[in-house]
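Coordinates in review
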Amino acid sequence: MQLFLMRHGEASFDAPSDRERMLSQLGRNQSNAMANWLTEKVSSVDLVIVSPYLRAQQTWQEVAKHLPEPNKWLVLDDITPSGSPQIAVDAILAYAEQYSANKVLVIAHMPILGYMVSELVAGIEPPIFATSAIATIEKNEHGFQFELMQTPTQMSA
């Protein structure tokens, strides 16, 4: 199994609540750049799990333009910024098993994404995700392994 953990693109702070923050134009551009990078790594994903927050939903809308329709995509309330990383990881892995998903894309937020990496990969400190960054985690016979972190700024360098 491959897990692609993605932070939403840059969002504006001008919103009635954190939940309603919208992507900025830079956030849309970042999300598109990372979607292009992702399509170089995989031709499709089996399962997409997205936070209910607007900026994460808009990030998925941008990424979805570049990928074939996944077998299943769903909104998961457990992957909001203040969610429990353990509950989030358990839910994501349960859905991956339920839908026999080998390639899973999760679009969520900091700090939960960093803590989810620590939940999945023994001994790793929670990484900081830049906006639109994607961490790739592989599951093999030895458990979960952190493969790499790709950011939009690495793409333009």
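Going along each chain's sequence as written, the residues are numbered from 1 onward. The predicted nature of this model means local features are confined to residues of pLDDT at least 70 and side-chain atom pairs, given and counted, to a pLDDT of 80 or more, with totals for whole chains, interfaces and linings taken over all residues. Note that water and hydrogens are dropped before the side-chain values are worked out from all heavy atoms of the structure.

Digging into the packing of helix H1 (residues 25–41) against helix H2 (residues 54–64)
Operational definition: As a rule, the C-alpha atoms of each element are fitted with a line to give its axis, helices using only the stretch in contact, and angles between N-to-C directions run from 0 to 180 degrees. Only runs of H or I of at least four residues qualify as helices and only runs of E of at least two qualify as strands under DSSP, and these elements are numbered from the N terminus. Orientation is classified from the angle alone, with under 35 degrees giving roughly parallel, over 145 giving roughly antiparallel, 65 to 115 giving roughly perpendicular, and any other angle giving oblique. Each crossing is labelled by how the near helix is turned from the far one, with a counterclockwise turn of less than a right angle marking it left-handed and a clockwise turn marking it right-handed. The contact criterion used is simple: two residues touch if any of their non-hydrogen atoms lie within 4.5 Å. Lys, Arg, Asp and Glu make up the charged group, whereas Ala, Val, Leu, Ile, Met, Phe, Trp, Tyr, Cys and Pro make up the nonpolar group; the residues left over, Gly among them, are polar.
Running from N to C, H1 and H2 cross one another at 45°; their axes reach a closest spacing of 8 Å. Relative to H2, the element H1 is oriented oblique. As for the relative orientation of H1 and H2, their crossing is right-handed in sense. Residue-level inspection shows Arg-28, Ser-31, Asn-32 and Ala-35 of H1 in contact with H2, the latter providing Gln-58, Thr-59, Glu-62 and Val-63. The residue inventory of the contact of H1 with H2, partitioned by class, reads two nonpolar, four polar and two charged.

Some details on the nonpolar core
Just so we agree on the cut-off: Joining through side-chain atoms within 4.5 Å is the link that ties buried Ala, Val, Leu, Ile, Met, Phe, Trp, Tyr and Cys residues into a set, and such a set is a nonpolar core. In this scheme, a residue with accessible area under 20% of its type's maximum is buried, one over 50% is exposed, and one in between is partly exposed, where area comes from a 1.4 Å probe on protein chains only.
Of all hydrophobic cores here, the largest spans 28 residues; its most connected members are Leu-5, Ile-49, Ile-79, Ile-92, Val-104, Val-106 and Met-116. When contributions to this core are tallied by element, the ones reaching two or more residues are strand E1 (2–7), strand E2 (47–50), helix H3 (85–98), strand E4 (103–108), helix H4 (112–120), strand E5 (134–140) and strand E6 (143–150). Met-6, Ala-35, Val-45 and Ile-107 belong to the second-largest nonpolar core, a separate cluster that totals 17 residues.

Quick word on the packing of aromatic side chains
For any two aromatic rings, the description comes down to two numbers: the centre-to-centre distance and the angle of the planes. Applicable threshold: For Phe, Tyr and Trp, rings pair up if their centres lie within 6.5 Å, where Trp contributes its six-membered ring, and each pair is then called stacked (planes under 30 degrees apart), edge-to-face (over 60) or tilted (otherwise). Our definition puts a charge over a ring when NZ of Lys or CZ of Arg is within 6 Å of the ring centre and also within 35 degrees of the ring normal.
Counted by the stated rule, this structure contains two aromatic pairs. Aromatic pair Trp-60 and Trp-73: ring centres 6.2 Å apart, planes at 45°, arrangement tilted. Of the two residues, Trp-60 sits in helix H2 while Trp-73 sits in strand E3 (residues 72–75), which places them 13 residues apart along the sequence. For Trp-60, a relative accessible area of 7% puts it in the buried group. For the pair Tyr-95 and Tyr-99, a centre-to-centre distance of 6.3 Å together with 10° between the ring planes defines the contact as stacked. Seen from the ring of Phe-13, Arg-21 lies directly overhead, with NZ or CZ sitting 4.1 Å from the centre.

Things to note about the pattern of salt bridges
Inclusion rule: By definition here, a salt bridge exists when the distance from a side-chain nitrogen of Lys or Arg to a carboxyl oxygen of Asp or Glu is within 4 Å.
Across all of its chains, the model carries four salt bridges by this definition. Two residues, Arg-21 and Asp-18, come together in a salt bridge whose shortest N-O distance is 3.3 Å. Look at Arg-21 and you get buried, because its relative accessible area is 12%. We note a salt bridge from Lys-65 to Glu-62, for which the minimum N-O separation is 3.1 Å. What makes Lys-65 exposed here is its relative accessible area of 58%. Overlapping salt bridges, with partners in common, bring together Asp-18, Arg-21 and Arg-55 in one network.

Some details on the pairing of E3
Put simply, the rule reads: In this description, strands pair whenever DSSP reports at least two bridges between them. Throughout, right-handed denotes a crossover for which the path from the first strand over the helix to the second runs clockwise when the strands point away from the viewer.
Sheet topology places E2 next to E3; four bridges connect them, and they run parallel. Its bridge partner lying in E3, Ile-49 is registered against Leu-74. A crossover links E2 with its parallel partner E3, the connecting element being H2, and its sense is right-handed.

Side note on the sheet that holds E4
With respect to topology, six strands assemble into an open sheet ordered E3-E2-E4-E1-E5-E6, the strand pairing being mixed. What marks the edges here is a single partner per strand, and that holds for E3 and E6. In this sheet, adjacent strand axes meet at a mean angle of 15° when their direction is disregarded. Pairing analysis gives four bridges linking E2 to E4, with the strands arranged parallel. Its bridge partner being in E4, Ile-49 is matched across the sheet by Val-106. H2 rests against E1, E2, E3 and E4 of the sheet, and its axis sits at about 140° to E4. Contacting E1, E4, E5 and E6, H4 runs over the sheet at an angle of about 160° to E1.

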